[in-house]
Amino acid sequence: MKGKGIVWIKAVVHGLCLLPFLYLLYKYHDGSLALLADPVNYLTHFTGDWALWLLLVCLAITPLRRLNVKLSWLVQLRRMLGLYAFFYATLHLLIYVLLFSGYDMSAAIEGVRAGRLMEPLRQLKLIWPSMLDDLEKRKFIQVGLLAWTVLLALAITSPQRVLRWMGGKNWQWLHRLIYVAGAAAVIHYWWLVKAGVRTPWKVTAVLMLLLAARMVYWLVKRLKKPVAA
């Protein structure tokens, strides 16, 4: 698919990917978010779920296009979906930093209004020791931060000019780490929920299916490879 067709599809995908964020803004402005029993917990799970599902959709593009050459145009959506996965993962991280870790948001905002532009950083410095303590004690934070760091590296290196600078093979090897990000995100989900809660089984099943599809493709390709005399 080329020309106007892919442009319209990209526009629709952009809109769909932005809908969850716009939904959160709507709930914030109409006050319904504040009426929830635990708004911070809701925001944490909402953004985390969308980051993970968008990441899985991104991972599904390669197996889908291998099923039929006519689906090769899906590759043109992969970068966009990956960046939106990173966007929601960053929101997920910011909710922990700004709303869960004790960050004084009101003091930071008031400081900026008063002309103290470094006040947000000062507030971050105040909670930094407790955040490091959390990182050391809680394994789900460690593996979640690993997933976010990988997505950050992939987002930074996603432009075409970076691909040309790195070289195709190096870029490809780096971007294969998206599977590491996916696995780390699923583990983060399992370790985050309470013992006995099986909610993450759906994303786990999808990830295992995608990994199995890649493994099957690799084995078939290897078996078809001619053996040297």
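Located above this text is the structure these notes cover.
As a convention, each chain's residues are numbered from 1 in the sequence order in which they are written. Residues qualify for local features only when their pLDDT is at least 70, as the model is predicted, and side-chain atom pairs are given and counted only at 80 or more; totals for whole chains, interfaces and linings, by contrast, use all residues. Heavy atoms from the whole structure form the basis of all side-chain values; hydrogens and water molecules are not counted.

Quick word on the overall build of the chain
Within the chain, the secondary structure is distributed over 10 helices and zero strands. Once the C-alpha set of the chain is aligned to its principal axes, its extents read approximately 75 × 45 × 35 Å. Here the chain holds 229 residues, and 34% of them are scored as buried. Residues count as neighbours in contact if any of their non-hydrogen atoms are within 4.5 Å of one another. A fraction of 65% describes how many contacts in the chain between residues 6 or more apart in sequence connect residues 24 or more apart. Helix and strand labels come from DSSP, where a helix needs a run of H or I of at least four residues and a strand needs a run of E of at least two; each type is numbered from the N terminus. We call a residue buried when its accessible area falls under 20% of the maximum for its residue type, exposed when it is over 50%, and partly exposed in between, using a 1.4 Å probe and counting protein chains only.

Some remarks on the nonpolar core
In plain words, nonpolar cores are sets of buried Ala, Val, Leu, Ile, Met, Phe, Trp, Tyr and Cys residues tied together by side-chain atoms within 4.5 Å. Leu54, Leu59, Leu77, Leu81 and Ile178 are the most contacted members of the largest nonpolar core, which totals 41 residues. Among the elements of the structure, helix H1 (4-29), helix H2 (39-67), helix H3 (75-100), helix H6 (139-156), helix H9 (178-192) and helix H10 (201-224) are those that each provide at least two residues to this core. Among all residues touching Leu54, those that are not within four sequence positions of it are Cys17, Leu81, Tyr84, Ala85 and Tyr88. By size, the runner-up hydrophobic cluster in this structure holds eight residues, among which are Tyr96, Tyr103, Ala108 and Phe140.

Overview of the packing of aromatic side chains
Between rings of Phe, Tyr and Trp, where Trp is taken as its six-membered ring, a pair exists when centres lie within 6.5 Å; planes separated by under 30 degrees are stacked, by over 60 edge-to-face, and by other angles tilted. The tally for this structure, following the rule as stated, stands at seven aromatic pairs. Both rings, one in Tyr42 and one in Phe46, keep their centres 5.8 Å apart while their planes meet at 25°; by these two values the pair is stacked. Taken as a pair, Tyr42 and Phe46 lie in helix H2 at a separation of four residues, close to a single helical turn. The partly exposed category is assigned to Tyr42, whose relative accessible area is 25%. Among the residues examined, Phe46 registers a relative accessible area of 14% and is labelled buried. Within the aromatic cluster, the residues linked to one another by ring pairs are Phe21, Tyr84, Phe87 and Tyr88.

Describing the packing of helix H4 (residues 105-113) against helix H5 (residues 119-137)
Throughout, an axis means a line fitted to C-alpha atoms (over the contacting stretch in the case of helices), and angles, computed between N-to-C directions, take values from 0 to 180 degrees. In the contact formed by H4 and H5, the axes pass within 8 Å of each other and the chain directions differ by 155°. When the axis of H4 is compared with that of H5, the two are roughly antiparallel. The interaxial crossing formed by H4 with H5 has right-handed handedness. Counting all contacts with H4, which are made through Ala107, Ala108, Gly111 and Val112, the residues of H5 involved are Glu119, Pro120 and Gln123. Nonpolar residues are Ala, Val, Leu, Ile, Met, Phe, Trp, Tyr, Cys and Pro. Charged residues are Asp, Glu, Lys and Arg, and all others, Gly as well, are polar. Per-class residue counts for the contact of H4 with H5 are four nonpolar, two polar and one charged. Note that the term roughly parallel is reserved for angles under 35 degrees, roughly antiparallel for angles over 145, roughly perpendicular for angles of 65 to 115, and oblique for everything else. A crossing counts as left-handed when the near helix is turned anticlockwise from the far one by less than a right angle, and as right-handed when that turn is clockwise.

A short note on the side chain of His92
Examined against the element boundaries, His92 turns out to sit in helix H3. For His92, a relative accessible area of 18% gives the class buried. Between N or O atoms, a polar contact is any pair within 3.5 Å; within protein, one atom must be a potential hydrogen donor and the other a potential acceptor, and residues adjacent in sequence are included only when both atoms are from side chains. A polar contact of 2.8 Å, which involves the side chain of His92, links it to the backbone oxygen of Thr44.

Thoughts on H5
Taking 1.5 Å as the rise per residue, H5 with 19 residues should run 27 Å; its terminal C-alpha atoms sit 28 Å apart, in good agreement. Note that the bend at a residue is defined as the angle between axes fitted to the seven residues ending at it and the seven residues starting at it. A bend of about 45° at Ile127 is the largest found in H5, and the proline Pro129 appears one to four places after it. Among all positions of H5, only Glu119, Gln123, Ile127, Met131 and Asp134 are buried. At its buried positions, H5 is contacted by H3, H4 and H6. One less than the number of residues in a helix, times 1.5 Å, gives the span that helix is expected to have.

Some thoughts on a positive patch on the surface
The residues that make up patches have over 30% relative accessible area and no salt bridge, and they are joined within 9 Å when like-charged or within 5 Å when they are Val, Leu, Ile, Met, Phe, Trp or Tyr. Every accessible area reported is derived by Shrake-Rupley at a probe size of 1.4 Å, with residue values counting cover from the shown protein chains alone. The term salt bridge refers to a pairing of a side-chain nitrogen on Lys or Arg with a carboxyl oxygen on Asp or Glu at a separation within 4 Å. Asp and Glu are treated as the negative residues and Lys and Arg as the positive ones, with His and the ends of the chain left uncounted. In this description, the location of a charge corresponds to atom NZ of lysine, CZ of arginine, CG of aspartate or CD of glutamate. A cluster of like positive charges, contributed by Arg65, Arg66, Arg176, Lys221, Arg222 and Lys225, occupies part of the molecular surface. Going through the elements one at a time, H2 and H10 are the ones with two or more residues in the positive patch. Residue position: Arg222 is located in helix H10.

Comments concerning a nonpolar patch on the surface
A grouping of Val12, Leu16, Leu18, Leu19, Leu22 and Leu25 is seen on the molecular surface, where their side chains present a nonpolar patch of about 510 Å² in accessible area. Inspection of the secondary structure puts Val12 in helix H1.

Observations concerning the side chain of Thr157
As for its placement among the helices and strands, Thr157 is situated in the loop between H6 and helix H7 (160-166). Looking at Thr157, the relative accessible area reads 11%, which means it is buried. Side chain to side chain, Thr157 and His175 meet in a polar contact 2.9 Å long. With near-sequence residues (within four places) excluded, Thr157 lies in contact with Val162, Met166, Trp171, Leu174 and His175.

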